Amino acid sequence: MNLDSSIFNQVMGNVYTAKSNGLNSRILPQTKPDSLFSKTNPLETKPPTQALFLTQTLDVKSVANSMIKIIDAKDSYTGKHSKSVQKYAGIFTKMLGFSDEESEFISVGSAFHDIGKISVPESILNSNSPLTNEEFEKIKQHPEVGCKILEGMPAFSEVASKIVRSHHESWDGSGYPDNLSGENIPTGARIVAIVDSYHAMTSNRPYRKGMPTDEAIRRLGNGAGTQWDPELVKEFIKISPMI
Ligand SMILES: [Fe+2]
């Protein structure tokens, strides 16, 4: 399915407006409401359409949800996956005692983590057979592509560089795209890497059945210290029954 251009244009319009006006802020008409009406002219009983539009609130969450719709329009599995990863990350960061601000940052990063997959052909994303090396190399570009999509927007540039770009790095330095290792991988990316893998392992795909949760937990334990942050895996295993 092609990316729906009307959804894309609508969202990019939202993003542009949000960017221009500052996210998380209520956007009010430039003119005081009283002056929009003429008390002497009975025909002017409604404010201009633009004034109604400008009273709407745009915030990071609504833009994040719109971004998920873009991903969903391209590939419904990735859209649902992004939502689930966002939900799991929210539970995990809460249990870790992160502040609301930190949790929100990681939540937005979770929603966006795979946005770069809009550059990957559907034939690869929905392939029923094992990927060729060439196809896998194409998929491996999605963290960098996602980072490039978001980094031009000041509200999302940090999420882009600290989560989206680094969510496929590995604790032992064997990940991509930058071969970061250990604590050089931003914390948000280390968290998303765990919840992303857990959801991917337990999900049904056209080419395989999702594995049982206890098997996914066992694999996370085996990969602690090589693929994933060992301390965070330990914490995730403790809270996994709540997910
Ligand atoms: Fe990814």
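In this text, all values refer to a predicted model and were calculated from it rather than measured experimentally.

Participant: Would you mind going over the overall build of the protein chain with me for this structure?
Facilitator: Helix and strand content of the protein chain: twelve helices and two strands. Shown N-terminal to C-terminal, the secondary structure of the protein chain runs as helices and strands in the order α-β-α-β-α-α-α-α-α-α-α-α-α-α. Looking at the protein chain as a whole, 31% of its 243 residues qualify as buried. Contacts spanning at least 24 positions in sequence make up 64% of the contacts within the protein chain whose residues lie at least 6 apart.

Participant: Just checking my understanding: could you explain helix α3 (residues 60-74) for this structure?
Facilitator: Think of an α-helix as 3.6 residues a turn; residues three or four steps apart then line up on the same face. For α3, spanning 15 residues, the distance from its first C-alpha to its last is 21 Å, which sits close to the expected 21 Å at 1.5 Å a residue. By the burial criterion, the buried members of α3 are Val63, Ala64, Ser66, Met67, Ile68, Ile71 and Lys74.

Participant: I'm lost on unusual backbone geometry in this one. Help?
Facilitator: Keep in mind that most residues, glycine aside, have a negative phi and that most peptide bonds are trans. Tyr176 connects to Pro177 through a cis peptide bond whose omega is 10°. Phi is positive for Asn179, which is not a glycine, with a value near 50°. Tracing the backbone through its elements, the reader meets Asn179 in the loop between α9 (157-164) and α10 (187-202).

Participant: Please explain the environment of Ala155 as it appears in this structure.
Facilitator: Following the sequence through the fold, Ala155 ends up in the loop between α8 (142-151) and α9. Judged by the 17 C-beta atoms lying within 10 Å of it, Ala155 falls in the partly exposed class.

Participant: Just checking my understanding: could you explain the packing of α8 against α9 for this structure?
Facilitator: α9 packs onto α8 with a crossing angle of 170° between their chain directions and a minimal axis gap of 8 Å. The pairing of α8 with α9 is recorded here as roughly antiparallel in orientation. Along the contact surface, α8 presents Pro143, Gly146, Cys147, Leu150 and Glu151, while α9 presents Ser157, Val159, Ala160, Ser161 and Val164. Each residue belonging to the contact of α8 with α9 can be placed in one class, and the counts come to six nonpolar, three polar and one charged.

Participant: I tried to follow the packing of helix α5 (residues 100-112) against α10 on my own but got confused; where do I start?
Facilitator: Between two packed helices, the angle of one axis relative to the other and the distance separating the axes together describe the packing. Between α5 and α10, whose axes approach to 10 Å, the crossing angle comes to 55°. It follows from the interaxial angle that α5 and α10 lie oblique. Both α5 and α10 take part in a crossing whose hand is right-handed. Within the contact between the two elements, α5 uses Phe105, Ile106, Gly109 and Ser110 and α10 uses Gly188, Ile191 and Val192.

Participant: What is the right way to read the nonpolar core from this model?
Facilitator: Nonpolar side chains in soluble globular proteins generally cluster together in the buried interior. Phe112, Val159, Val192, Ile194 and Val195 are the most contacted members of the largest nonpolar core, which totals 37 residues. Elements that contribute at least two residues to this core include exactly α3, α4 (76-95), α5, α8, α9, α10 and α12 (230-239). For this core, the leading source of residues is α10, giving seven residues. Those residues in contact with Val195, other than ones at most four positions away along the chain, are Val85, Tyr88, Ala89 and Phe92.

Participant: What am I meant to see in α12 here?
Facilitator: Three or more residues of α12 are buried, namely Leu232, Val233 and Phe236. The buried residues of α12 occupy an angular sector of 100° when projected down its axis, which confines them to one face. Opposite its buried face, α12 presents the exposed residues Glu231, Lys234 and Lys238, each directed more than 90 degrees away. Elements in contact with the buried residues of α12: α4, α10 and α11 (213-223).

Participant: What's the story with the environment of Glu169 in this structure? I'm lost.
Facilitator: Mapped onto the elements, Glu169 comes out in the loop between α9 and α10. When the 25 C-beta atoms within 10 Å are taken as the criterion, Glu169 is described as buried. Remark: the alpha-carbon pair of Glu169 and Arg190, spanning 21 residues in sequence, is separated by 8.0 Å. Beyond its immediate sequence surroundings of up to four residues, Glu169 is in contact with Gly175, Asp178, Leu180, Ile185 and Ala189.

Conventions and cut-offs
Residues numbered from 1 in each chain as written. Predicted model: local features only at pLDDT ≥ 70, side-chain atom pairs only at ≥ 80, totals over all residues. Helix = DSSP H or I, 4+ residues; strand = E, 2+ residues; numbered from the N terminus. Buried ≥ 20, exposed ≤ 12 C-beta atoms within 10 Å, placed from the backbone. Contact = placed C-beta atoms within 7 Å. Expected span 1.5 Å × (residues − 1). Axes fitted to C-alpha atoms, helices over the stretch in contact; angles between N-to-C directions. Parallel < 35°, antiparallel > 145°, perpendicular 65-115°, else oblique. Nonpolar A, V, L, I, M, F, W, Y, C, P; charged D, E, K, R; others polar. Left-handed = near helix turned anticlockwise from the far one by under 90°. Core = buried A, V, L, I, M, F, W, Y, C linked by C-beta atoms within 7 Å. Arc of directions from axis to C-beta.

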